[in-house]
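# Results of the structural survey
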Amino acid sequence: MAARIRAKTGTGCPSHWLRGWHLSPGLPGSRLAHVGVADQLQREYDAVVIGAGHNGLVAAAYLQRAGVRTAVLEKRHVLGGAAVTEEIVPGFKFSRASYLLSLLRPQIYTELELQQHGLRVLPRDPYSFTPLLEDRSPPRSLLLGHDMAQTQQQIAQFSQKDAQAYPEYEAFMGALVSALDPLLDAPPVDTAALGQGSLLQRLKALQALRPLLQAGLALGSQLPRYYEVLTAPISKILDQWFESEPLKATLATDAVIGAMASPHTPGSGYVLLHHVMGELEGRRGAWGYVAGGMGALSQAIACAAAARGAHIFAEKAVSSVLLGRDRRAQGVVLQDGTEVRSKLVLSNASPQITFLELTPQEQLPKDFIQRIRQADTRSPVTKINVAVDRLPSFLAVPNARNGQPLPHHQCSIHLNCEGTHLLHQAFTEATQGHPSSRPMIELCIPSALDPGLAPRGCHVVSLFTQYTPSVLAGGQPWDEQARNAYADTVFDCIEAYAPGFKASVIGRDILVPPDLERIFGLPGGNIFHGGMSLDQLYFARPAPSYSGYRSPVPNLYLCGSGAHPGGGVMGAAGRNAARVALEDFRRL
């Protein structure tokens, strides 16, 4: 039974429709809620959304905005899916899974009025710091920021040629991002519809080609070069532009982050593009922290949905999609047996959970089921959340005497990134079933800009690390010993760059791939709900002929990261799916 809680929320958020929701897991003083009488879940809605990840909440907000009575049902005690704030160590508030914001579509900020619902983003400048391990005192480091002259000066430590080439590289990648950007906000072209139906229906299907044609026209004569970026290994692309290894390795991290791929893997260039497609406050490619942690973003979206009348429930696990005699989705069944009827069902769960667990298998085409089963969901990621009693002090840039954060502390801090060969070596070990002995580490300290996340003088540290295989060599389990052994390896690496780090640790939360799957429903622990390789994008996401959010079951839609345009805290899948579902709803 859902907890009977009435959430305390910001201005303009009808708290009585945020059922059982709090941002943290119930430690003393951590609930952003107080006990009250919750209204009951109704037995019928126009639309039901399975899962309150950010995409599900976005979809609900858009549906409710259009007058579609919508309920969101979340199995966990906390809303947000992977975009949550949780107090794992008393007094320390962690963005437990996703930890940075950039990719959220700008239309969503404005159309859902997220600022008015409490969202505050803390931009970072500088944004990237790569300290080196080398036999000189102090060791060098690479600091990248939005001031191009200062960034070039930093790069020039390693190569004058690279410093001169960097602005052109940024402009080249920026042009590709601008051309591809409109593709994110529309369903992929329905190729089947181009050859079916009436002439009017075919002409309407042709209109969907417009964003694709516009992208091609925008790229113009440079199209062959951009095609190479999308299909080649990122190492090949970076070698064409630069010669210094620290710069190439730093840039390459965006091409492999979250992917079981090496910089030498063909197609890794697209993953890099995916991570530079966002913007903050009008600045392309900028990333920032959400004040209050990523859960505050989910709170703002939930408030936007609730303000329009959406009903949002935590601790309401869905066990199956309810089908009528006409084989159309007509609601869901909860784990306690409760039936909730609806005309539309949107699933924010992964394709694997949606179609292999929640939907009756006999109602799905066999080739579709096979595609979902065979999708690449391998994950290299282990996320470690750490509470520390002081800021890490790096040999390359020691801390100030007063212990206050320095500019590099707000950055994504890249460790074991002296060269792309180290990333490839870490990947190779994982493909053989062994956690990397020198893993790629992205270390972030959000409390450097948001001190309220930790007690005075203390900090929260986010470690996004790879590569760790989902399944260890020999079928060995990811037991506590294996988890701690890998975390110790990561901490030993950090200690080499920042002596004293291990002594500063108060507590840690280790999430290996099976944990990410168990807690957040990420298939195989994959943060994107499936690999972002070219064979699993656009027309083929989640499966060919079903990339437009509609599923083989009429009135059942996929609205999560397993749908186009893929993973990251983007919200595009939720917004696009809601628009498609709304179009169908108006014809019911």
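Above this text is the structure in question.
Below is a summary of the structure that appears in this document. (Residues numbered from 1 in each chain as written. Predicted model: local features only at pLDDT ≥ 70, side-chain atom pairs only at ≥ 80, totals over all residues. Heavy atoms only, no water.)

## What about empty space enclosed by the protein?
What counts, and what does not: A pocket, in this scheme, is an open set of points on a 1 Å grid over the protein atoms alone with protein on both sides within 12 Å along at least 5 of 7 lines, while a cavity is a set where a 1.4 Å probe fits but cannot get out; residues line either one if an atom lies within 4 Å of a point. Grid points are joined across faces, edges and corners, and a volume is the space filled by probe spheres set on the points. Helix numbering and strand numbering both begin at the N terminus, where a helix is a DSSP run of H or I of at least 4 residues and a strand a DSSP run of E of at least 2. Ten residue types, Ala, Val, Leu, Ile, Met, Phe, Trp, Tyr, Cys and Pro, are classed as nonpolar, four, Asp, Glu, Lys and Arg, as charged, and the remainder, Gly among them, as polar.
Tallied over the full model, the rule gives four cavities of 30 Å³ or more. Forming the boundary of the largest cavity are Lys93, Phe94, Ser95, Tyr99, Asn385, Pro446, Val460, Val461 and Ser462. Only strand 7 (92–95) and strand 21 (459–466) provide two or more residues apiece to the lining of the largest cavity. Taken together, the residues of the lining of the largest cavity break down into five nonpolar, three polar and one charged.

## Comments concerning the nonpolar core
Within soluble globular proteins, side chains that are nonpolar tend to cluster in buried spots. The line we're drawing: Side-chain atoms within 4.5 Å link the members of a nonpolar core, which is a set of buried Ala, Val, Leu, Ile, Met, Phe, Trp, Tyr and Cys residues. Three exposure classes are used, based on accessible area relative to the maximum for each residue type with a 1.4 Å probe and protein chains only: buried under 20%, partly exposed in between, and exposed over 50%. The contact criterion used is simple: two residues touch if any of their non-hydrogen atoms lie within 4.5 Å.
Counting 74 residues, the largest nonpolar core has Leu73, Leu101, Leu112, Leu114, Leu297, Val332 and Leu346 as its most contacted members. Ranked by the residues each element gives to this core, the list is headed by helix 11 (residues 294–307), at eight residues. Contact partners of valine 332, with chain neighbours within four places excluded, come to Val48, Ile50, Leu73, Val318, Ser320, Val321, Leu322, Thr338, Glu339, Val340 and Val345. In this structure, Ala97, Ile155, Leu219 and Ala426 belong to the second largest nonpolar core, which totals 72 residues.

## Considerations on the side chain of arginine 76
Along the polypeptide, arginine 76 turns up in the loop between strand 5 (70–73) and strand 6 (85–89). The buried category is assigned to arginine 76, whose relative accessible area is 14%. Residues contacting arginine 76, with those up to four places away along its chain left out, are Gly81, Val84, Glu86, Arg96, Ala314, Glu315, Ile519 and Phe520.

## Some remarks on helix 13 (residues 366–374)
The test is simple: An arc is given here, and it is the one of the directions from the helix axis to the C-beta atoms.
Turning to helix 13, its buried residues number three or more, namely Phe368, Ile369 and Ile372. On an axial view of helix 13, the arc spanned by its buried residues comes to 100°, and they lie on one face. Away from the buried face of helix 13 by more than 90 degrees, exposed residues Lys366, Asp367, Arg373 and Gln374 are located. Its buried side turned inward, helix 13 meets helix 12 (351–358).

## Here we look at the pattern of salt bridges
Here is the rule we go by: Here, a salt bridge means any side-chain nitrogen of Lys or Arg that lies within 4 Å of a carboxyl oxygen of Asp or Glu.
Under the defined criterion, the tally for this structure stands at 27 salt bridges. Among the salt bridges present, the one from aspartate 326 reaches arginine 328, with a minimum N-O distance of 3.9 Å. Taking relative accessible area as the criterion, arginine 328 reaches 37% and is therefore assigned partly exposed. The closest approach of N and O atoms between aspartate 584 and arginine 587, which form a salt bridge, is 2.9 Å.

## Section: helix 15 (residues 480–497)
Using the following cut-off: For a helix, the expected span equals 1.5 Å multiplied by the number of residues minus one.
With 18 residues, helix 15 should cover 26 Å at 1.5 Å per step; its first-to-last C-alpha distance of 26 Å lies within 8% of that length. Among all positions in helix 15, only Ala482, Arg483, Tyr486, Ala487, Val490, Phe491, Cys493, Ile494 and Tyr497 are buried.

## Observations concerning the side chain of serine 436
Our working definition: N or O atoms closer than or at 3.5 Å make up a polar contact, with two conditions inside protein: a donor-capable atom paired with an acceptor-capable one, and, for residues adjacent in sequence, both atoms drawn from side chains.
Its location among the elements puts serine 436 in the loop between helix 14 (420–431) and strand 20 (440–444). The exposure class of serine 436 is buried, given its relative accessible area of 2%. From its side chain, serine 436 meets the backbone oxygen of tyrosine 467 in a polar contact 3.0 Å long. Not counting residues within four places of it along the chain, the set of residues in contact with serine 436 comprises Ala426, Glu429, Gln466, Tyr467, Tyr486 and Thr489.

## A few points about the state of the cysteines
Linking two cysteines covalently through their sulfur atoms gives a disulfide. Counted only if it meets this: Pairs of cysteine sulfur atoms within 2.5 Å are what we label disulfides.
Applying the stated criterion across every chain yields a total of zero disulfides. The thiol of cysteine 444 is unpaired, and the distance to the nearest cysteine sulfur, on cysteine 411, comes to 8.8 Å. What makes cysteine 444 buried here is its relative accessible area of 0%. Note on cysteine 458: no disulfide assigned, nearest cysteine sulfur contributed by cysteine 444 at a separation of 19 Å. By relative accessible area, which is 16% here, cysteine 458 ends up buried.

## Description of the environment of isoleucine 519
With respect to the secondary-structure elements, isoleucine 519 resides in helix 16 (residues 513–520). Considered as a pair, isoleucine 519 and arginine 76 are 443 residues apart in the sequence and their alpha carbons are 8.5 Å apart. Not counting the four nearest positions on each side in its chain, isoleucine 519 is found in contact with Arg76, Arg96 and Leu511.

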